[in-house]
Amino acid sequence: MRLDSLYQDVIMDHYRRRSGHGLREPFTAESCQVNPTCGDEIRLRVAVDGQGRIADVSYEAAGCAISQASASVLHDAVCGLPQSEAMIIESAFHALMQSRGTDAGDPEVLGDAVAFAGVSRYPARVKCALLPWMALKDALHRSEGISR
Amino acid sequence: MRLDSLYQDVIMDHYRRRSGHGLREPFTAESCQVNPTCGDEIRLRVAVDGQGRIADVSYEAAGCAISQASASVLHDAVCGLPQSEAMIIESAFHALMQSRGTDAGDPEVLGDAVAFAGVSRYPARVKCALLPWMALKDALHRSEGISR
Amino acid sequence: MITATGLDVAAVRADFPILSRRVRDNQPLVYLDSAATAQKPRVVLDAERRFYEEVNAAVHRGAHALAEEATDAYEEARQRIATFVGGHPEQCVLVRNATEALNLLAYAFSNATALAGAGRVAAREAGFDGDPRLVLGPGRSIVVSELEHHANLVPWQQAAAKTGATLRWLPITPTGRLDLSDLDRIITRDTAVVSITAQSNVTGAITPLVPIVERARAVGAFIFLDACQAVPNSPVDVAGLGVDALCWSGHKMCGPTGIGVLWARAELLAAMPPFLSGGSMIDTVEMTRATFALPPQRFEAGTPLTAQAIGLAAAAQYLDGIGMARIADHERHLTACALAGIAELPEVRVIGPTDLVDRGGVVSVIVDGVHAHDVGQVLDDRGVAVRVGHHCAWPLNRRLGIAASTRASFYLYNDEDDVAAFVAGLAAAVSYFRGR
Amino acid sequence: MITATGLDVAAVRADFPILSRRVRDNQPLVYLDSAATAQKPRVVLDAERRFYEEVNAAVHRGAHALAEEATDAYEEARQRIATFVGGHPEQCVLVRNATEALNLLAYAFSNATALAGAGRVAAREAGFDGDPRLVLGPGRSIVVSELEHHANLVPWQQAAAKTGATLRWLPITPTGRLDLSDLDRIITRDTAVVSITAQSNVTGAITPLVPIVERARAVGAFIFLDACQAVPNSPVDVAGLGVDALCWSGHKMCGPTGIGVLWARAELLAAMPPFLSGGSMIDTVEMTRATFALPPQRFEAGTPLTAQAIGLAAAAQYLDGIGMARIADHERHLTACALAGIAELPEVRVIGPTDLVDRGGVVSVIVDGVHAHDVGQVLDDRGVAVRVGHHCAWPLNRRLGIAASTRASFYLYNDEDDVAAFVAGLAAAVSYFRGR
Ligand SMILES: Cc1ncc(COP(=O)(O)O)c(C=O)c1O
Ligand SMILES: Cc1ncc(COP(=O)(O)O)c(C=O)c1O
Ligand code: FES
Ligand code: FES
């Protein structure tokens, strides 16, 4: 029961069938992030189009169910969105992860990502869920640097 | 009463009228010793004659009543003795100081120096009483090096 | 008894089990050696024990329930400790004692210098980004003062020896105050760092910080503060001081032994190369190189001082509960009593300031014709615990032409009776040694 | 229950208050993370507390009654700790943790190198007598192994970066053992120091010391031992090992956090320049130079880890009371149980030795298709505390081609039920993740 509230079905589904997995071309910028406690790494690429929309997010990642599912949910959540909207989701997700189980998350903003609410109760796993999002934020930041 | 057993009359007398105080010539060897806890220093000279006898011990010292009295007692105890006998006293005095109040000291060997028995009960003061004797030992050691 | 300064000393004393001890054949203990190390209230001991009995686990390395709780407890402790001096937790490195903190700062320079010599790439791989302000050599200088505790002197001697930098110092006046008249000639454009005590542990003199900080800033030097005698005894707010780093020891503020704090500006922490290295301070490790965690973790190698941090946080909580301003007032009051009592004894001379202007609650004295260790012995015989010796400030002693002195230091749990016992003990030492 | 190895585990467990804790909605705690940090018996907590409540004072600096008692307590603790490994107290430096001890050793080389560069006189004034064996540079090498804990790798990377020395390492076999086939080509005449673990904290493999020590001796290199996983778990006698230095952490042997031990041969201690400097480690101090106390004080700058030393001595007393050989046997028995249980689970693979030959009481596993942190989560959910991750031995993981593993480690207070809970938890993780 405690475990099921952490590994919700949405998470397990994404873990099994990771959306958007693999590294693809073309891409605007790339970010590598490592989780020092476990040693897991994610390499994530964003392709931003001329209108500032995220055309694609592609990634390769080693990691636990939480981090794998998080990358997959991220892919589905932000592909096709303007960067600014993606960053709103990123902020909301970050806040949710820091909430220590006090926040259920707003499904309007977060969509499937609310399934990670239970993770915030396990501080050692928060980094797992955040890792892909940190990579996204960093990659978008780099892509801005490039397009400027 | 506790204080009086530490600062025995013999000690106070020597402290007031230090025998052999001052640095004199000729001397065979000299040693400087410092007590790191208080910063006090003693400079002590031995004059060893051709027969290996200690003809004179002269010294200059800053320090507490215990260390001053100890230098004075040392002077009276070893002047005129063969080095080897002086070293026997030194050993006995060292053992007395390490005894933690369990030993009264042998007056046959130690003479006036038995008055320091009470010092051994105060570990922080043991170094005070030993300082001149460490200087003597070191100076005799050096003088051997020279005469050889 | 509630003193004029509003401190209920009797209630405070009841918090400290050791204060009901008897020493030397049943004399009640009068503890006047808090500047060396302070006693511990029950809440601090309880906090440490509770941690061990209920939470203890590896911090920042484990994922199980206890490890989570232990990590939270440790980081909450850091937060509480940071709050005590108005700092941010990410700016507070938990170290063993102030001595380690000062060494950490001094090693930042000698390590940076050695790594700079290894070339840009090697330096970067070893965690040093090349900040030239940390690279020393002949022609650069380190400035301290003549009244420093050895902990804020010897590490800088070592750094100077390793790098070829010159060690300079602010001298002191015959009354033991810092002499700033040559400030501009001592702290110059070649000065990389000024490291200075906030308050002398011998004379109690409080350092006039403003001109020193201004001068250090003007020449682009780092300015560090040894706040060992300040943080435990008065309200300290790092934000207002204008210094780059500040450190103190937990054991002097009612905390456990084995913990100290280095507070430093984020920008300095980011620039310094690693000090101790190993687990928990890295991001990734390969056989020939590593990348490093962000501060403060970068400077906390290995299993941390977990229980000690929790104990120190409890001490901060305890002291803040009483109020640091009130504690400072109380110490000031006791110092005034001591100075007044000593003024009645013609054979006793105070080292350093004899008034209350810019001075803290330590009073060191010389008794004419009686060595400090003999004075201390008489006091000890009466149950009064004071510090005798050079107080780890040998150069100050040498400069003032004194061998050793007798120091009483006051803290929140001392009262006027303690001061009276000190003054009476000094009088007794005079008559014991001069009367015989 | 008294096990086959003669240990009354139920009685032992009663000494450890934390073991009756419940976690995660009332699951009884099964603590299998002692290789990270061990739990503390009541006698250790009592000893620390008694020190604070009755004795606490500044060690080696004060002359009053409490200071004398505290100094005695501290030095008796050092003696007791030294006895635990058959060493002399003057050879035991009390440090914060094993990581600090390893850094102290690594800094001996980088500091000696920097001071040698400053010239003979400057080096001597800074406390380094010029022993050429400590002076590194291009053309000299430092040797570690590929399975070291970061604490015995990163400090040597830093020393190499600062001095220009080359870092080399003994590789490992696919089963996680040290591969000594190239020993003579790795440890050569240019090798200044070999620093190696006594036992892997990941695989439990015990290092075959004899050939390594012999080779190091033959080429005149120092040989150091990271005994973090050995001293707490088996009888260790420094005299018989033939190494120059050995260190471990107190918190892994039921002692407090914040204390570790460096044992080193007197001759090495005398040759090393100062590491941390400040009060209590000096003999005399002038503004531009200092002279230094004899070891071990020379390496214990500042107010020491007093209460922690007393706690660690109590831990040594406690463990010796039970008997280190008996504890080793007990761990061996539990390890055998664990290996047998795991052998029944086809999805679970042990990292490193799968038999009992030359291995200690840690068992790390990989569960096919389930990430270690997910395995750990299932175990944690059942109250079983294990360690998951790279265990601060990243290069070992990389070499064995694994990302992270799940480690159970056994200690005197664990019993067969704990092992069964671990094995059952692994099976549960398999079915939770593979069944869904
Ligand atoms: C083999 C080994 N070496 C070194 C260490 C570092 O110990 P500490 O973190 O207590 O300094 C550990 C434990 O973490 C270890 O297992
Ligand atoms: C002014 C000052 N600096 C530094 C220290 C060193 O503190 P610790 O010994 O706790 O490292 C002390 C106290 O001994 C001190 O009073
Ligand atoms: S455990 Fe590595 S990302 Fe989750
Ligand atoms: S106090 Fe210095 S020698 Fe006695």
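Numbering of residues begins from 1 in every chain and follows the order in which that chain's sequence is written. Chains carry letters and ligands carry numbers; both start at the beginning, A for chains and 1 for ligands, and go up in the order they are written. This being a predicted model, a pLDDT of at least 70 is required before a residue's local features are given, and a value of 80 or more before pairs of side-chain atoms are given or counted; all residues contribute to the totals for chains, interfaces and linings. Calculated side-chain values reflect all of the structure's heavy atoms, with hydrogen atoms and water omitted.

**Student:** Whenever I open this one, the sheet that holds strand E3 (residues 54–61) of chain B confuses me. Can you help?
**Tutor:** Hydrogen bonding along the main chain pairs the strands of a sheet, whether they run parallel or antiparallel. Residues and elements named next belong to chain B. Strands sit in the order E1-E2-E3 across an open sheet of three strands; the sheet is antiparallel. One side of each edge strand has no neighbouring strand; the edge strands of this open sheet are strand E1 (29–35) and E3. Strand-to-strand, the axes of this sheet are offset by a mean angle of 20°, without reference to chain direction. Paired strands are those between which DSSP finds at least two bridges. By the criteria applied, helices consist of DSSP H or I runs no shorter than four residues and strands consist of E runs no shorter than two, each listed in order from the N terminus. Convention adopted: a line fitted to C-alpha atoms gives each axis, helices being fitted over their contacting stretch, and angles between N-to-C directions are expressed from 0 to 180 degrees.

**Student:** Could you clarify how one ought to interpret the pattern of salt bridges in this entry?
**Tutor:** When charged atoms on two side chains of opposite charge get close, those side chains can pair. Think of a salt bridge as a Lys or Arg side-chain nitrogen and an Asp or Glu carboxyl oxygen that are within 4 Å of each other. On inspection of all chains with the given rule, the structure shows 64 salt bridges over all chains. The closest approach of N and O atoms between Asp72(D) and Arg100(B), which form a salt bridge, is 2.7 Å. Of this pair, Asp72(D) sits in helix H3 (residues 65–84) while Arg100(B) sits in the loop between helix H4 (83–97) and helix H5 (107–110), placing the two residues on different chains. Only protein chains enter the accessibility calculation, which uses a 1.4 Å probe; a residue whose area is less than 20% of its type maximum is buried, one above 50% is exposed, and one in between is partly exposed. Classification of Arg100(B) by relative accessible area gives partly exposed; the value is 44%. Within this structure, Asp131(C), Arg133(C), Arg217(C), Asp244(C), Arg265(C) and Glu267(C) form a network of salt bridges that share partners.

**Student:** Which parts of the structure should I look at to understand the relation of the copies chain D and chain C?
**Tutor:** Each of the two chain copies goes to the other by way of a rotation about an axis and a shift along it. All copies are superposed by least squares; the fitting set is the C-alpha atoms of residues with a pLDDT of at least 70 in both. For the match of chain D to chain C, the screw axis carries a shift of 0.0 Å, the RMSD comes to 0.0 Å, and the turn is 180°. Here the copies are linked by what is in effect a two-fold axis.

**Student:** Help me out: how do you make sense of the packing of aromatic side chains in this one?
**Tutor:** Both the distance between ring centres and the angle between the ring planes are used here to describe each pair of aromatic rings. Note on ring pairs: Phe, Tyr and Trp rings are taken, using the six-membered ring of Trp, and paired if centres are within 6.5 Å. Classes follow the plane angle, with under 30 degrees stacked, over 60 edge-to-face and the rest tilted. Summed over the entire model, instances satisfying the criterion amount to 33 aromatic pairs over all chains. Taking the centre distance of 5.6 Å and the plane angle of 80° together, the rings of Phe93(B) and Phe116(B) count as edge-to-face. Highlighted residues: Phe93(B) in helix H4 and Phe116(B) in the loop between H5 and helix H6 (123–147), separated in sequence by 23 residues. With respect to class, Phe93(B) is no different from Phe116(B); both count as buried. Here the aromatic rings of Tyr432(D) and Phe433(D) are separated by 5.2 Å at their centres, their planes lie at 75°, and the arrangement is edge-to-face. There is no split in this pair, since Tyr432(D) and Phe433(D) are both buried. For a Lys NZ or an Arg CZ to count as sitting over a ring, it must be within 6 Å of the ring centre and within 35 degrees of the ring normal. The ring of Phe27(A) is capped by Arg45(A), whose NZ or CZ atom sits 4.1 Å from the centre of that ring.

**Student:** Please explain the domain arrangement of chain C as it appears in this structure.
**Tutor:** Interface size is commonly expressed as the accessible area that is lost once the parts come together. All names here are of chain C. Residue ranges for the domains originate in an automatic or database domain assignment. Taken as a whole, chain C is organised into domain 1 (9–31 + 323–435) and domain 2 (50–320). The distance between the C-alpha centroids of domain 1 and domain 2 comes to 30 Å. Summed over both partners, buried area is the accessible surface (1.4 Å probe) that two parts give up on being assembled. A combined buried area of about 2,600 Å² lies between domain 1 and domain 2, and 58% of that area is made up of carbon and sulfur atoms. When the area that domain 1 buries against domain 2 is broken down by residue, the three leading residues are Met324, Leu396 and Arg399, summing to 24%. Where domain 1 packs against domain 2, one counts one salt bridge. Its salt-bridge partner being Arg399, residue Glu146 comes within 2.7 Å of it at the nearest N-O pair. Here a polar contact is recorded for every N or O atom pair within 3.5 Å, except that within protein the pair must consist of a potential hydrogen donor and a potential acceptor, and residues adjacent in sequence are included only if both atoms are side-chain atoms. The interface formed by domain 1 and domain 2 holds 17 residue pairs in polar contact (both at pLDDT 80 or more) in total.

**Student:** Where do I start with the sheet that holds strand E9 (residues 245–249) of chain D in this structure?
**Tutor:** Residue and element names in this part refer to chain D. Strand order in this open sheet of seven strands is E4-E10-E9-E8-E7-E5-E6, and the pairing throughout is mixed. Each of the sheet's edge strands pairs with one partner strand only, and the pair in question is strand E4 (92–95) and strand E6 (166–170). In this sheet, neighbouring strand axes are inclined to one another by 20° on average, regardless of whether the strands run parallel or antiparallel. Here strand E5 (residues 141–145) pairs with strand E7 (residues 191–197) via three bridges, running parallel. Following the sheet pairing, Ile142 is matched in E7 by Val193.

**Student:** Would you mind showing me how to read the interface of chain D and chain C here?
**Tutor:** Throughout, a contact is declared for two residues whenever any of their heavy atoms are within 4.5 Å. Each partner contributes to the interface: chain D provides 98 residues, whereas chain C provides 97 residues. The largest contributions to the chain D side of the interface with chain C come from Tyr52(D), Arg96(D) and Met287(D), which together make up 10% of the buried area. At the junction of chain D with chain C, the criterion picks out eight salt bridges. A salt bridge links Arg49(C) to Asp46(D); the nearest nitrogen and oxygen atoms lie 2.8 Å apart.

**Student:** Please explain the interface of chain B and chain C as it appears in this structure.
**Tutor:** Between chain B and chain C, the contact holds 23 residues from the first and 19 residues from the second. Here chain B and chain C share an interface that buries about 1,800 Å² over both sides, 47% of which is from carbon and sulfur atoms. Together, Arg2(B), Leu3(B) and Cys38(B) form the three largest contributors to the area buried by chain B at its contact with chain C, with a combined 32%. Counting across the chain B and chain C interface gives three salt bridges. Residue Arg2(B) pairs with Asp25(C) through a salt bridge whose shortest N-O separation is 3.2 Å.

**Student:** Sorry if this is basic, but what is going on with the arrangement of the chains here?
**Tutor:** The chain pair with the greatest number of contacts, out of five pairs of chains in contact, is formed by chains C and D. In this structure chain A stays clear of chain B, and the shortest span between their C-alpha atoms is 46 Å.

**Student:** Please clarify how the site of ligand 1 should be interpreted in this entry.
**Tutor:** Residue and element names in this part refer to chain D. Here a residue counts as near a molecule or strand whenever at least one of its heavy atoms sits within 4 Å of it. As a matter of local geometry, ligand 1 sits amid 16 residues, with Thr99, Asp226, Ser249, His251 and Lys252 nearest to it. At a separation of 3.4 Å, an oxygen atom of ligand 1 approaches a polar backbone atom of Ala98. At a separation of 3.1 Å, an oxygen atom of ligand 1 approaches a polar side-chain atom of His149. Using the Shrake-Rupley algorithm and a 1.4 Å probe, accessible areas are obtained, with residue cover drawn only from the displayed protein chains. When ligand 1 sits alone it has 390 Å² of accessible area, and the protein chains cover 98% of it. Here the shell around ligand 1 is composed, by residue class, of three nonpolar, 10 polar and three charged. Charged means Asp, Glu, Lys or Arg here, nonpolar means Ala, Val, Leu, Ile, Met, Phe, Trp, Tyr, Cys or Pro, and polar covers whatever is left, Gly included.

**Student:** Help me out: how do you make sense of the site of ligand 2 in this one?
**Tutor:** In the region of ligand 2, 16 residues are neighbours, and Thr99(C), Asp226(C), Ser249(C), His251(C) and Lys252(C) sit closest. Surrounding ligand 2 is a set of residues that belongs to chains C and D. Within the side chain of His251(C), one N or O atom sits 2.6 Å away from an oxygen atom of ligand 2. The side chain of Thr303(D) places a nitrogen or oxygen atom 2.7 Å from an oxygen atom of ligand 2. The protein chains hide 99% of the 390 Å² of surface that ligand 2 would expose on its own. Class assignment for the residues of the shell around ligand 2 results in three nonpolar, 10 polar and three charged.

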